[in-house]
Amino acid sequence: MFSIIKAAVGGLTALCRVNGHQQGLLHGHLKVLAAGLKTRDIPPDHSDVVLPDRRKLKFVNKMPNFKNAKKEMKNLKDIQGPATTANAFTKGEFAIVAMGGGYLHWGHIEMIRLTINRKMDPKTTFARWRVNGPYKPVTRKGLGMRMGGGKGAIDQYVTPVRYGRFIVEVGGKVELGEIQRIMTEVAQKLPFKAEVFSRASLAAFQKKHADMEQNNQNPWTFKEITLGNMLGIRKVLSPKDLCHNGRFAGKFHLPWRV
Amino acid sequence: MAATLCRILLPKQGWLPFTQCVRHGSKAVTRHKRPLHFLKQKLMSVTRYIPPPRPAPPGAYPRQTIRDQEDDPFTLLVKKNLKSVFQESKMIAVVQNSGSTADEMILLKYKLHKHGITVKFFPNQVVRSFLKDSTYSNMAPLFIGHTVLFISKEPKVKEMLSSLRTSRHMLLLGACIDNTLLSAQGVVSYSKLPSVAVVQGELVSGLTLLTSQTAAMLQRHPAQLSALLQQHVKQQSSEGAPKA
């Protein structure tokens with residue numbers, strides 16, 4: 001009986017060798033597999049998520065509807081410092097958050113809108129703008145003009161964005177892994193540093209900074225020295241340094257500063 | 001760059017210096033990182049973040065023992081199987097499998113099945129935790145790496161060794177035969193032992209050696225017996241004379 005089995009097995013393995021790599025079910029050259037332990041995670045339950053009617057990002061105008069457009073001063077302090085509005089989650093689960101200051105013009109907004117609308121699945125996800133359409137006029141003089149002759153004409157409109165501001169919020173019956181790729185693609189094209197966060201990861205990020213402040217071993221803090229104007233250091237500092245405590249330099253955020 | 005001094009009228013609240021030196025260079029917000037005043041650089045370095053000291057590098061000390069977790073249902077099932085295996089079988093051999101293919105496995109299984117030996121696979125983690133609680137705790141060091149269990153009701157060691165000799169990838173590590181733990185060499189010497197009946201016969205014959213010899217002598221011709229006894233007396237006297 002054994003010899004018959006041996007012949008059968010031998011014949012089958014010969015068949016396999018003859019077919020080369022197009023082997024069917026036998027795979028005699030592979031090693032023996034034994035049953036092992038594998039625990040699988042339970043997938044998340046999205047049954048309580050309500051999706052809005054309009055799920056894609058709305059079209060944003062290039063300029064506001066002004067009858068008489070007025071030129072404005074440069075006012076660069078709308079880029080400086082941390083954001084106080086639109087810096088928390090509302091309805092969505094994931095967001096692109098600005099990690100520095102900058103101006104978003106219509107080209108950036110269109111890029112975000114088109115990329116996200118094209119790549120997301122409207123059956124399961126929705127996206128919301130957290131940033132206004134361009135409203136700040138930016139002037140430019142013609143090419144090759146000499147200095148003087150008044151302020152230039154309005155060239156375009158931009159939206160100022162501060163550190164910590166949300167740009168786009170995404171939510172729905174999705175997990176981070178599905179959405180992250182699309183959103184990092186968008187985040188890398190923005191004119192300032194931006195990162196993709198989920199609710200949990202943003203909370204962890206903020207907690208990390210709070211812990212850094214707590215367990216800082218340095219007895220000297222920027223705040224203490226500037227508040228007390230020790231050594232007359234405020235001669236070389238700006239009034240904004242009192243608010244920002246050395247964490248910001250112009251429009252840049254310094255993450256290693258506590 | 002001309003240095004201009006600006007006198008600014010300040011409100012009575014707040015403490016700000018009356019004169020501020022403003023150089024006309026770049027503005028506060030620039031695309032590049034503005035070069036810091038040397039004093040500000042010093043201030044930033046003095047007030048840098050110093051993290052708390054780490055207790056020990058991550059790999060310095062051995063990890064504490066992992067606390068006992070509750071077994072999941074699959075582990076419990078496997079442990080039940082193991083318990084029945086250890087109760088029913090007399091021979092449990094642990095063999096290391098270094099990459100045998102599926103057809104080699106099939107051949108080996110058929111060879112052993114003829115002699116009533118089954119080949120079993122169990123996860124090492126589960127086996128070790130099972131052995132920890134049972135009387136066979138000294139077998140735990142055998143279950144490291146890719147192991148296979150050969151189980152049989154009767155200790156058929158010779159057949160098992162012959163089939164292992166022919167297989168290229170199987171290496172015997174140890175065995176538990178009749179509740180005694182044996183190493184690989186121990187198993188080989190066990191296989192060379194004669195069977196139980198033979199040993200019993202030898203023992204019996206050894207015990208009854210003298211009585212059987214006397215019985216044989218008595219059965220022979222009495223003349224031979226008398227000759228033997230005379231010889232024996234002569235020998236005794238000859239031994240007695242040189243001693244004295």
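Keep in mind it's a predicted model, so treat the numbers as computed, not measured.

A. Fine view of the overall build of chain A. Check the secondary structure of chain A and you find six helices and nine strands. Split by element, the accessible area of chain A, about 16,600 Å² in all, is 56% carbon and sulfur.

B. Looking closely at the environment of A:Ala88. Residue and element names in this part refer to chain A. The residue Ala88 is located in the loop between helix H1 (2–19) and strand S1 (94–98) in this model. Its relative accessible area of 40% is what places Ala88 among the partly exposed residues. Along the sequence, Ala88 and Glu169 sit 81 residues apart, while their C-alpha atoms lie 9.9 Å from each other. Discounting residues that sit within four places of it in the chain, Ala88 has contacts with Arg130 and Phe166.

C. Focus on the confidence of the model for chain B. Residues and elements named next belong to chain B. Summing up the model confidence of chain B, the mean pLDDT is 87 and the portion of residues at 70 or higher is 89%. Mean pLDDT across the elements of chain B ranges from a minimum in strand S1 (residues 3–7), with 47, to a maximum in helix H1 (residues 38–46), with 97. Of the regions scoring below 50 in pLDDT, residues 1–7 engages in 16 contacts with residues more than four places distant in sequence or in other chains. Interface confidence in the predicted complex, given as ipTM, is 0.81; pTM for the same model is 0.59.

D. Up close: the pattern of salt bridges. Residue and element names in this part refer to chain A. Enumeration over the complete set of coordinates arrives at eight salt bridges over all chains. For Arg199, the salt bridge is made with Glu93, and the minimal N-O distance between the two is 3.5 Å. Pair noted here: Arg199 is in helix H4 (residues 199–214) and Glu93 is in the loop between H1 and S1, with a separation of 106 residues, a long-range link. The exposure class of Glu93 is partly exposed, given its relative accessible area of 33%. The closest approach of N and O atoms between Lys207 and Asp211, which form a salt bridge, is 3.2 Å.

E. Region of the structure containing the confidence of the model for chain A. Mean pLDDT for chain A: 90, with 87% of residues reaching 70 or above. Throughout residues 18–23 of chain A the model reports pLDDT below 50, and contacts reaching past four residues in sequence, or to other chains, amount to two contacts.

F. Layout of the interface of chain B and chain A. The interface of chain B with chain A comprises 37 residues on the first partner and 41 residues on the second. Of all residues in chain B, the largest losses of buried area upon contact with chain A belong to B:Val29, B:Leu43 and B:Tyr49, amounting jointly to 19% of the total for that side. Between B:Lys40 and A:Asp241 there is a salt bridge, and its shortest N-O distance comes to 3.4 Å. For the side of chain B that touches chain A, the elements supplying multiple residues, two or more each, are H1, helix H2 (73–88), helix H3 (102–114) and helix H4 (124–133) of chain B. Considering each element in turn, the side of chain B that touches chain A owes the most residues, six residues, to H3(B). Here the residues of the side of chain B that touches chain A sort into 21 nonpolar, eight polar and eight charged.

G. Just the nonpolar core, in detail. By size, the foremost hydrophobic cluster in this structure holds 28 residues, and its most contacted members are A:Ile96, A:Ile112, A:Ile167, A:Val168 and A:Leu190. Taken together, the elements giving at least two residues each to this core come down to S1, helix H2 (106–119), strand S3 (125–129), strand S6 (166–172), helix H3 (176–188) and strand S7 (194–198) of chain A. Considering every element that reaches this core, the biggest residue donor is H3(A), with five residues. Filtering out sequence-adjacent residues up to four positions away, A:Val168 remains in contact with A:Leu57, A:Phe94, A:Ala95, A:Ile96, A:Ile112, A:Ile116, A:Arg128, A:Trp129, A:Arg130 and A:Met183. Among the nonpolar cores identified, the runner-up in size contains 19 residues, and B:Met105, B:Leu164, B:Ala175 and B:Ile177 belong to it.

H. Representation of the environment of A:Ala200 in the model. Residue and element names in this part refer to chain A. Looking at where Ala200 falls in the secondary structure, it is placed in helix H4. Here Ala200 falls in the exposed class, since its relative accessible area comes to 56%. In this structure, the C-alpha to C-alpha distance between Ala200 and Glu93, residues 107 residues apart in sequence, is 9.0 Å.

I. Inspection of the packing of H3(B) against helix H5 (residues 157–166) of chain B at higher detail. Residue and element names in this part refer to chain B. The interhelical angle for the contact between H3 and H5, taken along N-to-C directions, is 165°, at an axis separation of 10 Å. In this view, H3 runs roughly antiparallel relative to H5, as classed from their interaxial angle. For the crossing formed where H3 meets H5, the hand is right-handed. Packed against H3, whose contacting residues are Leu108, Lys111 and Leu112, the element H5 presents Met160, Ser163 and Thr166 at the interface.

Conventions we followed
Residues numbered from 1 in each chain as written. Chains lettered and ligands numbered in written order. Predicted model: local features only at pLDDT ≥ 70, side-chain atom pairs only at ≥ 80, totals over all residues. Heavy atoms only, no water. Helix = DSSP H or I, 4+ residues; strand = E, 2+ residues; numbered from the N terminus. Areas by Shrake-Rupley, 256 points an atom, 1.4 Å probe, with all protein chains shown as cover. Buried < 20%, exposed > 50% of the residue type's maximum accessible area, 1.4 Å probe, protein only. Contact = heavy atoms within 4.5 Å. pLDDT = per-residue confidence, 0-100. Salt bridge = Lys/Arg side-chain N within 4 Å of Asp/Glu carboxyl O. Buried area = accessible area lost by both parts, 1.4 Å probe. Nonpolar A, V, L, I, M, F, W, Y, C, P; charged D, E, K, R; others polar. Core = buried A, V, L, I, M, F, W, Y, C linked by side-chain atoms within 4.5 Å. Axes fitted to C-alpha atoms, helices over the stretch in contact; angles between N-to-C directions. Parallel < 35°, antiparallel > 145°, perpendicular 65-115°, else oblique. Left-handed = near helix turned anticlockwise from the far one by under 90°.

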